[in-house]
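Observations on chain architecture
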Amino acid sequence: MNRFEYADSRFMPNEIYVRCDMVVRLYDGDTKTNFENGELILTSHRILWGRPGDVQRGNTCLSLSLRHIIFFEEENPRPFSFGRSKKIVLHLSEPAIDKMPGPADNSLYNYVKLSFKEGLDPNFITQLSDTIMRRMWEFTPEAELIVSNVNDNQGNTKLLPHIKTRTGIIGIERSLQEKQKETDENISLAFQDLTKLMDMAKDMVAISKTISVKIRARQGDITEDETVRFKAYLMSLGIDDPVTRDAYKSSNEYFKQLAKQLACILEEPIKEVGGMMTLTDVYCRVNRARGLELLSPEDLLHASRQLAPLGLPIVLRSFDSGVMVLQICSHNDNAVVDRITELLKEKKSMTAEDLAQSEGISMLLARERLLVTEKYGKACRDDSIEALRFYPNLFLEEISSE
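Remember, it's a predicted structure, so these values are computed and weren't measured experimentally.

Thresholds, definitions, all that
Residues numbered from 1 in each chain as written. Predicted model: local features only at pLDDT ≥ 70, side-chain atom pairs only at ≥ 80, totals over all residues. Heavy atoms only, no water. 1 Å grid on protein atoms, 1.4 Å probe; cavity = no way out; pocket = protein on both sides within 12 Å on 5 of 7 lines; lining within 4 Å. Points joined across faces, edges and corners; volume = space filled by probe spheres on them. Helix = DSSP H or I, 4+ residues; strand = E, 2+ residues; numbered from the N terminus. Nonpolar A, V, L, I, M, F, W, Y, C, P; charged D, E, K, R; others polar. Buried < 20%, exposed > 50% of the residue type's maximum accessible area, 1.4 Å probe, protein only. Contact = heavy atoms within 4.5 Å. Pairing = 2+ DSSP bridges.

Turning our eyes to something else, we now look at empty space enclosed by the protein. Evaluation of the coordinates by the stated rule reveals 1 cavity of 30 Å³ or more. The space that makes up the largest cavity amounts to roughly 40 Å³. Mapped by element, the contributors of at least two residues to the lining of the largest cavity are α7 (333-347) and α9 (363-375). Split into classes, the residues belonging to the lining of the largest cavity amount to 4 nonpolar, 1 polar and 3 charged.

Have a look at this one:
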């Protein structure tokens with residue numbers, strides 16, 4: 001709160017009104033203050049807070065210059081915190097040495113919170129971001145005004161401003177603030193470029209969908225290898241509309257929709273790797289496709305458990321060792337066991353590394369397939385200090401020959 005100043009609510013030259021919000025409370029960091037149920041005015045230069053009607057009447061109010069805001073974010077409510085008001089967290093730079101008096105001289109926090117008890121208008125975030133990026137206060141020469149009383153010829157008192165020059169330590173502080181402004185401007189330009197890149201990515205995803213449809217129809221002279229390679233490129237481009245928790249009122253509905261999207265984007269890749277993919281590989285692949293909307297491991301696990309109840313083409317499976325995978329519903333362990341049995345007879349013996357190289361799968365998944373083959377009685381193991389090696393079960397052949 002030591003960044004706020006007591007100020008006249010009348011607008012300065014070139015200052016433009018942006019918006020007004022009611023029933024707003026101020027927090028000093030995480031601490032509630034007595035400044036509650038107030039009126040918040042956002043201008044091109046400042047954030048003004050006062051009691052209802054004070055700002056319009058030109059009375060003294062609290063003022064926070066937008067140049068102090070380094071960045072801001074919307075505070076995520078705690079789980080099961082029903083009825084909590086939406087809050088905006090403003091992270092602030094250090095207060096100037098020569099700042100005007102305010103509600104507090106010192107503060108333990110470098111941030112304040114704006115609590116909107118009547119609900120946060122999404123337009124507030126957009127307008128605040130646009131206002132900070134425009135930095136209109138930089139177009140007005142900044143000069144601290146020392147106001148003195150002067151009598152004119154008619155005996156009336158008027159206010160005469162004088163420009164206060166800054167030298168010494170204050171001059172150094174001013175130089176540091178200018179460097180910080182330049183840094184903030186560069187950061188703002190970088191985020192503008194990032195926004196343009198995200199918009200272009202959406203267009204690329206739309207184009208990729210069109211080309212994908214043509215590939216499925218086998219239109220044009222496209223070889224099989226080119227088709228597989230292009231599908232990999234499509235996967236790396238990402239998901240144009242990822243499912244997010246904010247779009248749904250309940251967690252149950254969120255996990256159901258997320259499970260449907262997982263089935264949509266993972267069915268073909270899982271088929272291409274043999275019908276089974278470890279949950280760790282799924283996590284990496286899905287988050288790469290989602291871009292900035294990253295998915296937590298817990299959300300991925302909860303959504304994966306919804307695959308089977310929803311009757312989707314892929315399901316979650318846990319092996320005896322605890323390894324979790326997503327596999328195609330049509331996956332047949334008998335077919336996998338027969339394939340591993342043939343390889344064991346051909347190679348005489350195999351380790352998990354050998355099988356991984358032969359089938360193009362991860363070592364973890366290769367080990368699980370060998371263990372399943374052993375569980376079905378088609379393989380025997382030799383666990384030595386060198387490696388865990390599997391051999392074909394010759395006892396079955398001797399019994400069949402008898």
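Additional details are given in the paragraphs that follow.
The next thing to look at is the environment of Leu-370. Within the secondary structure layout, Leu-370 lies in helix α9. Looking at Leu-370, the relative accessible area reads 0%, which means it is buried. With 33 residues separating them in the primary sequence, Leu-370 and Val-337 have C-alpha atoms 8.1 Å apart. For Leu-370, the residues in contact, after removing those within four places along its chain, are Ile-340, Thr-351, Ala-352, Leu-355 and Phe-390.

Looking now at the pairing of strand β4 (residues 38-43). By the criterion of burial, β4 is predominantly enclosed, with 6 of the 6 residues buried. Side chains Gly-38, Leu-40 and Leu-42 of β4 all project onto a buried face; the interleaved residues Glu-39, Ile-41 and Thr-43 project onto the opposite face, where all are buried too. The sheet contact formed by strand β2 (residues 17-28) and β4 spans 5 bridges and is antiparallel. Within β4, the position partnered with Arg-19 by the bridge is Leu-42. Sheet topology note: the β4/strand β5 (residues 46-50) ladder contains 4 bridges and is antiparallel. Across the sheet, Ile-41 pairs through a bridge with Leu-48, a residue of β5. Between the antiparallel neighbours β4 and β5 lie 2 residues.

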